[in-house]
Amino acid sequence: MHACQQMRKVMASHAVLSSGVNTWRSLACEKSELRLDLTLACGQSFRWRETADGHWTGVMGGRVWTLTQTEDTLWYHVYKSNDRGVMAGKGGVFINEKNKSQMKAALKKEEKEHDKEDKTILTDYFQLNVNLRDLYRKWGAADPHFKKIADIFTGVRMLRQDPTECLFSFICTSNNHISRIQGMVERLCEARGNLLCRLDQTSYYDFPSLSSLADSSVEACLRELGFGYRARFLQQSAKQILDNRGDKWLEGLRSVPYLEARDALRALPGVGTKVADCVCLMSLDKADAVPIDTHVWQIAKRDYKYAVANEPKSITEKLHKDIGDFFRSLWGPYAGWAQSVSFCADLKKFQKLKETPHLKREKEDSDCESVVTCKRPNIKTVKNGTAKNRKPKSACQKEEQVI
């Protein structure tokens, strides 16, 4: 009993790597292949929060995780719920010396099985089988603008989310912004999902099932929670899928061609072309899907001088297709991944990264020195290109920042 109480006490707080690695597991993964701070906060998923410096906690695969990373390692801690790893006490099992060693061996075996399963979930979620460094190299060779931002925004990787969670999260994005969407998705999970655990006064819930979202009471419930017109779309889409397609239909769209999957999604209430493209790209394995909104349109015009005759006031179906085709011809079969890097680099929250010196800035430094004579500061660099232990900016750096 005392051991159980101790376990609850430990599990009541968010894990931090500096407290000890005994409860953590790891995968070899360089920051050039994955940057958690960029990937988890750029608007792909709305379930992750930075709970300590460089530590991200969220729900994945029906479990609560905390992730962090060092230069070449991805660390993860999985919070075990009551149905994982708790064998003693089930059915009134009496533990004595005879069966103690057997139970210890069984627990060790179970732990290994869970660790293997966790690694599979993590690898699948971040699609770590895709060599991101090679893709960056190809995109940079084809696109001078991409090459300029690539050294700063390394490791922006496309997630492979659960299709149900992805679809119903993105139905919430209509006329919305990231922080507000995050709040709506959390309220949705709290109202209709199952409680997984509580950490430091924060409750974590699994994403609701289709049957839970299809219930006739959902619309009124979500309207009370501030979802507005989106409440009806969420309930009606869930009901339409269950009534006409079945609960395995969304996952089955992974095996059909991109345009077929997109058109099928667009038949759902509240799902336009942009939302359908987001779901295709972020959960249905359609790497060539390029979601287009006004933000991406502005990027195309500003950074790629994309222009059309008789420019429409809003994004039409033709414009959506034409811009998507433009980027697909530029970036190739993983165009959606490249677009996420470009989108991330344009988000206001990440603009300070552009002010930080990076490894491959020698040419810019030399150009600056040809205009202003200055002593270059001592900078300690790391593999992903960011700099630490910087001395105050020199006059050269200050001029470059203003420019």
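Residues numbered from 1 in each chain as written. Predicted model: local features only at pLDDT ≥ 70, side-chain atom pairs only at ≥ 80, totals over all residues. Heavy atoms only, no water.

**Student:** Would you explain the overall build of the protein chain in this entry?
**Tutor:** A count of helical and extended segments in the protein chain gives 18 helices and nine strands. In the protein chain, which comprises 403 residues, the share counted as buried stands at 47%. Within the protein chain, contacts between residues separated by at least 24 positions form 67% of all contacts whose residues are at least 6 apart in sequence. Accessible area of the protein chain: about 21,200 Å², with a carbon and sulfur share of 52%. (Helix = DSSP H or I, 4+ residues; strand = E, 2+ residues; numbered from the N terminus. Buried < 20%, exposed > 50% of the residue type's maximum accessible area, 1.4 Å probe, protein only. Contact = heavy atoms within 4.5 Å. Areas by Shrake-Rupley, 256 points an atom, 1.4 Å probe, with all protein chains shown as cover.)

**Student:** Which parts of the structure should I look at to understand the nonpolar core?
**Tutor:** Proteins that are soluble and globular tend to have nonpolar side chains buried together. Trp139, Phe153, Phe168 and Leu265 are the most contacted members of the largest nonpolar core, which totals 99 residues. Each residue touching phenylalanine 168, except ones within four places of it in the same chain, is listed here: Phe207, Leu210, Leu213, Leu234, Ser237, Ala238 and Ile241. (Core = buried A, V, L, I, M, F, W, Y, C linked by side-chain atoms within 4.5 Å.)

**Student:** Sorry, what's going on with the packing of helix H4 (residues 132-142) against helix H16 (residues 335-346) here?
**Tutor:** One way to put it is that H4 packs onto H16 with a least axis distance of 11 Å and a crossing angle of 80 degrees. Taken as axis vectors, H4 and H16 run roughly perpendicular relative to one another. Of H16, the residues touching H4 (which contributes Leu132, Leu135, Tyr136 and Trp139) are Trp337, Ala338 and Val341. Partitioning the contact of H4 with H16 into residue classes produces seven nonpolar, no polar and no charged. (Axes fitted to C-alpha atoms, helices over the stretch in contact; angles between N-to-C directions. Parallel < 35°, antiparallel > 145°, perpendicular 65-115°, else oblique. Nonpolar A, V, L, I, M, F, W, Y, C, P; charged D, E, K, R; others polar.)

**Student:** What is the right way to read the pattern of salt bridges from this model?
**Tutor:** A side chain with one charge can pair with a side chain of the opposite charge if their charged atoms come near. A complete count under the given rule lists 24 salt bridges for this structure. Here arginine 63 ties to glutamate 117 by a salt bridge, and the two come within 2.5 Å at their closest N and O atoms. Of this pair, arginine 63 sits in strand E4 (residues 63-70) while glutamate 117 sits in helix H3 (residues 97-125), and the two are 54 residues apart along the sequence. Arginine 223 is the partner of glutamate 219 in a salt bridge, and the nearest nitrogen-oxygen pair spans 3.1 Å. Residue glutamate 219 and its partner arginine 223 are located together in helix H9 (residues 218-224), separated by four residues, close to a single helical turn. Of the residues examined, glutamate 219 reaches a relative accessible area of 22% and is grouped as partly exposed. Note on arginine 223: relative accessible area 41%, which makes it partly exposed. Connected through shared salt-bridge partners, Arg47, Glu165 and Glu186 make up one network. (Salt bridge = Lys/Arg side-chain N within 4 Å of Asp/Glu carboxyl O.)

**Student:** Can you help me understand the packing of aromatic side chains in this one?
**Tutor:** Where two aromatic rings form a pair, the distance of their centres and the angle of their planes describe that pair. One pass over the structure, following the stated rule, counts 15 aromatic pairs. Centroid distance tryptophan 65 to tyrosine 76: 5.9 Å. Interplanar angle 45 degrees. Geometry classified as tilted. With tryptophan 65 in strand E4 and tyrosine 76 in strand E5 (residues 73-79), the pair connects residues that are 11 residues apart, well separated along the chain. Across the pair, tyrosine 76 and tryptophan 65 agree in class, each one buried. Each ring, one from tryptophan 139 and one from phenylalanine 146, has its centre 5.4 Å from the other, and the planes form 75 degrees; the classification is edge-to-face. Phenylalanine 146 carries the same exposure label as tryptophan 139, and that label is buried. Taken together, the ring pairs in this structure connect Tyr304, Tyr306, Phe326, Phe327 and Trp331 into an aromatic cluster. The ring of tryptophan 297 carries the charged tip of lysine 301 above its face, separated from the ring centre by 4.5 Å. (Phe/Tyr/Trp six-rings, centres within 6.5 Å; stacked < 30°, edge-to-face > 60°. Lys NZ or Arg CZ within 6 Å of the ring centre and 35° of its normal.)

**Student:** What am I meant to see in the confidence of the model for the protein chain here?
**Tutor:** Close inspection of predicted coordinates is inappropriate for parts of the model with low pLDDT. Per-residue pLDDT for the protein chain has a mean of 84; in total, 78% of the residues score no lower than 70. Below a pLDDT of 50 lies the segment residues 82-95, which in the model reaches 16 contacts outside its immediate sequence neighbourhood of four places, other chains included. In the predicted structure, residues 358-403 sits below a pLDDT of 50 and forms 60 contacts with residues beyond four places in sequence or in another chain. (pLDDT = per-residue confidence, 0-100.)

**Student:** Can you walk me through the sheet that holds strand E2 (residues 49-52) in this structure?
**Tutor:** Backbone hydrogen bonds are what pair the strands of a sheet, in a parallel or an antiparallel way. The sheet built from five strands is open, its strands ordered E1-E5-E4-E3-E2 with antiparallel pairing. A strand with exactly one partner marks an edge of an open sheet, and here the two such strands are strand E1 (25-28) and E2. When the angles between neighbouring strand axes are averaged without regard to direction, this sheet yields 35 degrees. Relative to E4, strand E3 (residues 55-60) runs antiparallel, the two sharing five bridges. (Pairing = 2+ DSSP bridges.)

**Student:** Before we go on, may I ask you to explain the side chain of threonine 164 in this structure?
**Tutor:** Here threonine 164 lies in helix H6 (residues 163-171). On the basis of relative accessible area, threonine 164 is assigned to the buried category, the value being 14%.

**Student:** Just checking my understanding: could you explain the packing of H6 against helix H13 (residues 273-283) for this structure?
**Tutor:** A pair of packed helices can be characterised by two numbers: the angle between their axes and the separation between those axes. Where H6 meets H13, the axes come as close as 9 Å, and the angle between the chain directions of the two elements is 150 degrees. One way to sum up the angle between H6 and H13 is to call them roughly antiparallel. Read as a crossing pair, H6 and H13 show a hand that is right-handed. Of H13, the residues touching H6 (which contributes Pro163, Cys166, Leu167, Phe170 and Ile171) are Val275, Cys278, Val279, Met282 and Ser283. Here the contact of H6 with H13 is composed, by residue class, of nine nonpolar, one polar and no charged. (Left-handed = near helix turned anticlockwise from the far one by under 90°.)

**Student:** What's the story with helix H12 (residues 258-266) in this structure? I'm lost.
**Tutor:** Residues three or four positions apart in an α-helix share a direction because the helix packs 3.6 residues into each turn. Among the residues of H12, those classed as buried are Tyr258, Ala261, Arg262, Ala264 and Leu265. Each buried residue of H12 lies within a common arc of 160 degrees when the element is viewed along its axis, so the set occupies one face. Buried residues along H12 sit against helix H11 (249-252), H13 and helix H15 (317-331). (Arc of directions from axis to C-beta.)

**Student:** Help me out: how do you make sense of the pairing of E5 in this one?
**Tutor:** Residues in a regular strand project their side chains so that they alternate between the two faces of the sheet. Within E5, seven of the seven residues are buried, which leaves it mostly tucked inside the rest of the structure. One ladder, built from four bridges, connects E1 with E5; its direction is antiparallel. When the sheet's bridge partners are listed, alanine 28 is paired in E5 with threonine 73. In this sheet, E5 lies alongside E4 in antiparallel orientation, the contact comprising seven bridges. Bridge pairing in E5 places glutamine 69 opposite leucine 74. Counting the residues between successive antiparallel strands, the hairpin from E4 to E5 contains two residues.

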